[in-house]
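The lines below spell out each chain.
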2 protein chains.
Amino acid sequence: MTLSPTDRSTIRRAKERAATDRSALYEVLDRNLVCHLGVIVDGAPRVLPTGYAREGDTLYIHGSSGARSLRTGDQVCVTVTELNGIVYARSVFHFSVNYASAVIHGVPETLAGQRKLDALRVLTEHLAPGSWEHARRPNKKELAQTTVLALSLEEAAVKIRTGDPKDEDADLELPTWAGVLPIARSFTKPAPSADLHADFPVPEHVHSRML
Amino acid sequence: MTLSPTDRSTIRRAKERAATDRSALYEVLDRNLVCHLGVIVDGAPRVLPTGYAREGDTLYIHGSSGARSLRTGDQVCVTVTELNGIVYARSVFHFSVNYASAVIHGVPETLAGQRKLDALRVLTEHLAPGSWEHARRPNKKELAQTTVLALSLEEAAVKIRTGDPKDEDADLELPTWAGVLPIARSFTKPAPSADLHADFPVPEHVHSRML
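Criteria and thresholds
- Residues numbered from 1 in each chain as written.
- Chains lettered and ligands numbered in written order.
- Predicted model: local features only at pLDDT ≥ 70, side-chain atom pairs only at ≥ 80, totals over all residues.
- Heavy atoms only, no water.
- Least-squares fit on C-alpha atoms with pLDDT ≥ 70 in both.
- Contact = heavy atoms within 4.5 Å.
- Salt bridge = Lys/Arg side-chain N within 4 Å of Asp/Glu carboxyl O.
- Polar contact = N/O pair within 3.5 Å; in protein donor to acceptor, adjacent residues only side chain to side chain.
- Helix = DSSP H or I, 4+ residues; strand = E, 2+ residues; numbered from the N terminus.
- Pairing = 2+ DSSP bridges.
- Buried < 20%, exposed > 50% of the residue type's maximum accessible area, 1.4 Å probe, protein only.
- pLDDT = per-residue confidence, 0-100.
- Arc of directions from axis to C-beta.
- Phe/Tyr/Trp six-rings, centres within 6.5 Å; stacked < 30°, edge-to-face > 60°.
- Lys NZ or Arg CZ within 6 Å of the ring centre and 35° of its normal.
- Expected span 1.5 Å × (residues − 1).
- Disulfide = S-S within 2.5 Å.

For the rest of this paragraph, the subject is the relation of the copies chain B and chain A. The operation relating chain B to chain A is a screw motion whose rotation component is 180 degrees, with 0.0 Å of axial translation and a residual RMSD of 0.0 Å. Such a combination of turn and shift is consistent with a two-fold rotation axis. Across chain B, the smallest distance between a C-alpha and the rotation axis is recorded for B:Arg185, namely 2.3 Å. Here 100% of the contact residues of chain B are again contact residues in chain A; the copies associate through an equivalent surface.

Written out as structure tokens, the structure is:
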């Protein structure tokens, strides 16, 4: 299955960066934790960061039931971006970043009942693998305070830039450094909550996320 | 000067996370490199990642002159988010993330002439400090291919979450680990471009960004 089936999810700028296979979309979504949800409120765009998770070709987004950005039955745009490096070129014009981004368009559905609970498990396990078994599950009141949306991944585009700067031939002999400064993201030492018993060990499902 | 002067930039959800002083806005913007620009295209929201930089109370955004998302004279929303940790709670409901985000609303202005060139310097220096002096400046043709927008920071909101999970009292004795798994971001070893002379040293303005 390929990506970009509609006009608005067809990448026009820097087409060589467009990834056309669905696995690239899955990888960008599965590697990251925060999306930017775009909605229209009172005629103006609004972009808010929120948690998400993917299951098959569905993206789950969740938030407080009171959040205005989750009340929509209208079109949304969800974007996930990871920044992987800064690209230094011989000319300012060719400075760039190495990145991967996924942009998804669609009308989300609000989940209820068992589907909502299943989606919350997927969301929890994406944010914090192993936690659905380890922590207390949501009760009725907590479920009511949480909104979970499901958005189809049918209409999506992925852009990826990797590698060296693309300088003009005429600039190659300039006395200017060119290359990539990579950006790494990592989990560091878990910090126990102040209200946790001092001898409570960091469980394996948390500890193992550190490099 | 305080933040949140308008209805839509007033934070409603998790108000205790709202930062009300302008320096918090500056810090979030100055620490990060990529924003998510929200615009309306054909009646639907569109959210695209792009570079930005701040100068005083102005945010500069730049991109290709061909990009549809930069052609607007309409309302935009620009959001910058940094993810600082995963918050493990005793209950799934109280799982969260430590983060800081800035959300800016306004109608951007397209820059030209000296103001455009000045903004490009600020953008370049934000992405890659020291590079405006080190690399070749944009020529006329390159300037024409670049669009630079200026957006006032007047209407902005900042949210910051830090620290431990906020568990229910009734859950405190559950046999469940609680705490924060911090997320660190860092620059790693610069990778010279394949077309750079082998003995070209990594300049100080690049090298010094590594930890």
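Another point: the interface of chain B and chain A. With 90 residues of chain B at the contact, the number on the chain A side is 91 residues. Put simply, chain B and chain A have 4 salt bridges between them. A salt bridge links A:Arg136 to B:Asp171, with the nearest nitrogen and oxygen atoms 2.8 Å apart. For the pair chain B and chain A, the number of links is 33 residue pairs in polar contact (both at pLDDT 80 or more). With 9 residues, strand S10 (residues 179-187) of chain B is the largest single contributor of residues to the side of chain B that touches chain A. As paired elements, strand S10 (residues 179-187) of chain A and strand S11 (residues 191-192) of chain B share 2 bridges and run antiparallel to each other. What sits directly across from A:Val180, in S11(B), is B:Ala191.

So, on to the environment of A:Gly130. On the secondary structure map, A:Gly130 appears in the loop between helix H2 (113-127) and helix H3 (131-134). With 76 residues separating them in the primary sequence, A:Gly130 and A:Val206 have C-alpha atoms 8.0 Å apart.

A separate point is unusual backbone geometry. Trans is the prevailing form of peptide bonds, just as negative phi is the prevailing case for residues other than glycine. Residue and element names in this part refer to chain A. Even without a glycine there, the phi angle at Asp42 is positive, about 50 degrees. Within the secondary structure, Asp42 is located in the loop between strand S2 (34-41) and strand S3 (44-55). You can call Asp42 exposed: its relative accessible area is 72%.

Let us look at the confidence of the model for chain A. Any region with low pLDDT has predicted coordinates that should not be read closely. In the predicted model, chain A carries a mean pLDDT of 92, and the fraction of residues at 70 or more is 92%. Prediction confidence for the complex, expressed as pTM and ipTM, is 0.92 and 0.92 respectively.

Turning next to the side chain of A:Asn32. Residue and element names in this part refer to chain A. Secondary-structure assignment places Asn32 in the loop between helix H1 (22-31) and S2. On the accessibility criterion, Asn32 (4% relative accessible area) is buried. Within the structure, Asn32 has its side chain in polar contact with the side chain of Glu82 (distance 2.8 Å). Reaching out from Asn32, the side chain makes a polar contact with the side chain of Arg185 at a distance of 3.5 Å. Among all residues touching Asn32, those that are not within four sequence positions of it are Tyr52, Val80, Thr81, Glu82, His126 and Arg185.

Here helix H1 (residues 22-31) of chain B has its buried residues at B:Arg22, B:Ala24, B:Leu25, B:Val28 and B:Leu29. All buried residues of H1(B) lie within an arc of 160 degrees about the axis, which places them on one face of the element.

Looking now at the packing of aromatic side chains. Residues and elements named next belong to chain A. For the coordinates displayed, the defined rule picks out 4 aromatic pairs over all chains. By the ring-pair criterion, three or more aromatic residues cluster together here, those being Tyr88, Phe95 and Trp177. Arg54 extends its terminal NZ or CZ atom over the ring of Tyr26, reaching a point 3.9 Å from the ring centre.

Let us look at the pairing of S10(B). When S10(A) meets S10(B), the two strands line up antiparallel, connected through 5 bridges. Across the sheet, A:Ser186 pairs through a bridge with B:Ala184, a residue of S10(B).

The terminal C-alpha atoms of helix H2 (residues 113-127) of chain B lie 21 Å apart, and with 15 residues this matches the ideal 21 Å at 1.5 Å per residue to within 8%. For H2(B), every residue scored as buried is listed here: B:Lys116, B:Ala119, B:Leu120, B:Val122, B:Leu123, B:Thr124, B:His126 and B:Leu127.

All right, on to the state of the cysteines then. For the coordinates displayed, the defined rule picks out 0 disulfides over all chains. A:Cys77 provides the cysteine sulfur closest to A:Cys35, a residue in no disulfide bond, and the two sulfurs are 10 Å apart.

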